[in-house]
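Residues per chain, in single letters:
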Amino acid sequence: MKKIITLVLVSALGGISTLGSYKLFLEDEKPIIVAQENTTPTFLPTSNLSLSNLDEAPDFTIAAENTVNAVVHVKNVTISSGQMTLQDLFSGRSPQRAQMGTGSGVIINADGYIITNNHVINNSDELSVTLNNNKTYKAEIIGSDPKTDIALLKIEPDEDLPYVTFADSDNAKIGEWVLAVGNPFNLTSTVTAGIISAKSRNLDPSGKYTQSFIQTDAAVNPGNSGGALVNTQGELVGINTAITSQTGSYIGYSFAVPSNIARRVIEDIMEYGNVQNGILGITGGALNSKIADELGINDTEGIYVDSVVEDSGAEKAGIQKGDIIKEIDYIKVSKFADLTGHIGARRAGDVVNLTLSKDGELRTVAVTLTRNETITLPLVGRVKNAKKEDLKKVKASNGVKIIELNNEYKSYWKKNGVDEGAIITSINDVKINSVDDAQEAIKNRSPYEPLRIELINSNGEKERYNFR
């Protein structure tokens, strides 16, 4: 009996203790953490990031609304002459064939000026633009620049058009959200989202073209070329131009011409009729550990100046071989495309500030960009605008000066008495006064037309050469 009473008392006391503890924890609202064996641990963030922010997705609706009606569909029709077939002969049909290409374009003002890629409109016989409201207009090519792959078109609309404003692409940040707007696979008004994956990308290992692309992972496919890359405010950051793909379709990488470069090109076309490229006047390359060891220097970042072009802005500013360009306009320079991209957004006569390093000492110089006075002529080599004394030396009234012979044909030229310093006076019967004239003569030459070069050699002898 005593054992029973004892058990009852112990049970009662245990119940009272449990109820008291329960009431105590409820009233004080203190959590109870019970440790259990063999349970999966819970990992919580240790930063100050609010968990509620993780649920907030970026809003692209405003950017899409501001852009989609300002991006157009561009159709390029090229008429090619094919061989006459029996079917053509019996049906009386012309052997000419129409080939059609399509792309996109971006309206940049209410009057109907449209920016697109040069490769979208290249070799066109007929060019038309279709707006998002399905109105179609004939388009005129105002000008183009193959080096940057930018072209300017004009249509004559019957009303003011919606247009996209330019952003400063220098201020675009890696990781920033962007939209690609265009007409992939003829699907009009398509919007895809992504981020800026990288800047200052150069896809041309030959160095023939000055490239400084914005790389993005927004989906871009055939037909998107010439379309808009915009930020979340709907401002133009770039013109979608290229993809890297083994299939011909998007696989995660796409590239756009920065808006600052595109804007400078079209402003030059509208104001001057051609592109006023400015050059710094140096040759060199980006540094890394291996190159720094070979040069015996400690710097592993920046652009090493290997040579300075005569009479260029760089020479006049006192830049010398061995200088290392660390910044341009106080923006860090790590690779050559950083430098060329910044200069590509400026024209001859503009001034840039370069921060230079040499032997551990920093200095800043102002450099006035000059016009490009050297070009590479096929079969010949590099030529530059001739000075008065160069012309006087060989008794020439006009011409451009050969400064470096083509390696493949160097022995041929030297065997015929032509060396560096010779003056080219005529190309295909066109009088040459400058490198611009020489470039235009080559550009206008038919692929089937022989190349005829008239020059004065170092001995003052006039010679003519024909290449087929």
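Residues numbered from 1 in each chain as written. Predicted model: local features only at pLDDT ≥ 70, side-chain atom pairs only at ≥ 80, totals over all residues. Heavy atoms only, no water.

Colleague: I'm lost on the sheet that holds strand β12 (residues 236-243) in this one. Help?
Modeller: The strands making up a sheet are joined through hydrogen bonds of the backbone, oriented either antiparallel or parallel. The sheet built from 6 strands closes into a barrel, its strands ordered β8-β9-β10-β13-β12-β11 with antiparallel pairing. Pairwise comparison of adjacent strand axes, ignoring direction, gives a mean angle of 45° for this sheet. In this sheet, β12 lies alongside strand β11 (residues 228-230) in antiparallel orientation, the contact comprising 3 bridges. Paired with L229 across the bridge in β12 is G238. Across the sheet, helix α5 (residues 259-272) is in contact with β12 and β13 (254-258); its angle to β13 comes to roughly 50°. (Pairing = 2+ DSSP bridges. Helix = DSSP H or I, 4+ residues; strand = E, 2+ residues; numbered from the N terminus. Axes fitted to C-alpha atoms, helices over the stretch in contact; angles between N-to-C directions. Contact = heavy atoms within 4.5 Å.)

Colleague: Any chance you could explain the environment of A314 here in plain terms?
Modeller: Considering the arrangement of structural elements, one finds A314 in helix α7 (residues 313-316). A residue is classified by how much of its surface remains accessible, and A314, at 0% relative accessible area, is buried. Between the C-alpha atoms of A314 and I279, which are 35 residues apart in sequence, the distance is 9.0 Å. When residues no more than four places from it in sequence are discounted, the contact partners of A314 are L280, G281, I282, V308, I319 and V367. (Buried < 20%, exposed > 50% of the residue type's maximum accessible area, 1.4 Å probe, protein only.)

Colleague: Quick question: what am I supposed to make of the nonpolar core here?
Modeller: Soluble globular proteins tend to pack their nonpolar side chains together in the buried interior. V106, I115, I150, L179, L236, I239 and I266 are the most contacted members of the largest nonpolar core, which totals 28 residues. When contributions to this core are tallied by element, the ones reaching two or more residues are α2 (61-67), β7 (150-154), β8 (177-182), β11, β12, β13 and α5. Considering each element in turn, this core owes the most residues, 5 residues, to α5. Contact partners of L236, with chain neighbours within four places excluded, come to V106, V164, T165, F166, A167, A228, L229, V230 and S259. V418, I427, V435 and A438 belong to the second largest nonpolar core, which has 21 residues in total. (Core = buried A, V, L, I, M, F, W, Y, C linked by side-chain atoms within 4.5 Å.)

Colleague: When you look at the confidence of the model for the chain in this model, what are you seeing that I'm missing?
Modeller: In low-pLDDT regions, the fine details of the predicted coordinates are not to be read closely. Model confidence for the chain is summarised by a mean pLDDT of 83, while 82% of its residues fall at 70 or above. Residue range residues 1-52 is modelled with pLDDT below 50. Its contacts to residues more than four positions away, or to other chains, number 4 contacts. (pLDDT = per-residue confidence, 0-100.)

Colleague: In this structure, what is going on with helix α11 (residues 435-443)? I would like to understand it.
Modeller: Since there are 3.6 residues in each turn of an α-helix, residues three or four apart along the chain are aligned in direction. All of the buried residues in α11 are V435, A438 and A441. Seen along its axis, α11 keeps its buried residues to an arc of 125°; they face one direction. Considering only its buried residues, α11 is in contact with β22 (374-377), β23 (381-385), β24 (400-405), β25 (423-427) and β26 (430-431). (Arc of directions from axis to C-beta.)

Colleague: Before we go on, may I ask you to explain α5 in this structure?
Modeller: With 14 residues, α5 should cover 20 Å at 1.5 Å per step; its first-to-last C-alpha distance of 19 Å lies within 8% of that length. Restricting attention to buried positions, one finds in α5 the residues S259, N260, I261, A262, R264, V265, I266, D268 and I269. Taken from the residues just after α5, G273 is the one with a positive phi, measuring 90°. (Expected span 1.5 Å × (residues − 1).)

Colleague: Is there a simple way to think about the environment of I324 in this case?
Modeller: Here I324 lies in strand β17 (residues 324-328). Owing to a relative accessible area of 3%, I324 belongs among the buried residues under this scheme. Each C-alpha atom of the pair I324 and A286 lies 9.2 Å from the other, and the pair is 38 residues apart in sequence. Excluding residues within four positions of it along the chain, I324 makes contact with L287, I297, D299, E301, G302, I303, Y304, T355, L356 and S357.

Colleague: Would you take a moment to explain the pattern of salt bridges for this structure?
Modeller: Pairing between side chains of opposite charge can happen when their charged atoms approach one another. Scanning the model with the defined rule gives 25 salt bridges in all. Salt-bridge contacts for R346 lead to D170; the nearest nitrogen and oxygen are separated by 3.9 Å. Separated by 176 residues along the polypeptide, R346 in the loop between α8 (336-344) and β19 (351-358) and D170 in the loop between β7 and β8 bring together distant segments of the chain. A salt bridge links D429 to R452; the shortest N-O distance between them is 3.1 Å. Taken together, the residues span a long stretch of sequence, with D429 in the loop between β25 and β26 and R452 in strand β27 (residues 451-456) at a distance of 23 residues. Beyond isolated ion pairs, a larger network of salt bridges with shared partners links R263, R264, E267, D268 and R347. (Salt bridge = Lys/Arg side-chain N within 4 Å of Asp/Glu carboxyl O.)

Colleague: Just to check I follow, could you spell out unusual backbone geometry for this structure?
Modeller: With glycine set apart, most residues show a phi of negative sign, and most peptide bonds adopt trans. One non-glycine residue, D149, lies in positive phi territory at about 60°. Although it is not a glycine, D311 adopts a positive phi angle of roughly 65°. As for its placement among the helices and strands, D311 is situated in the loop between β16 (303-308) and α7.

Colleague: How do you make sense of the side chain of T148 when you look at a structure like this?
Modeller: Along the chain, T148 falls in the loop between β6 (140-145) and β7. According to the relative accessible area criterion, T148 is buried, its value standing at 12%. With near-sequence residues (within four places) excluded, T148 lies in contact with V257, I261 and V265.

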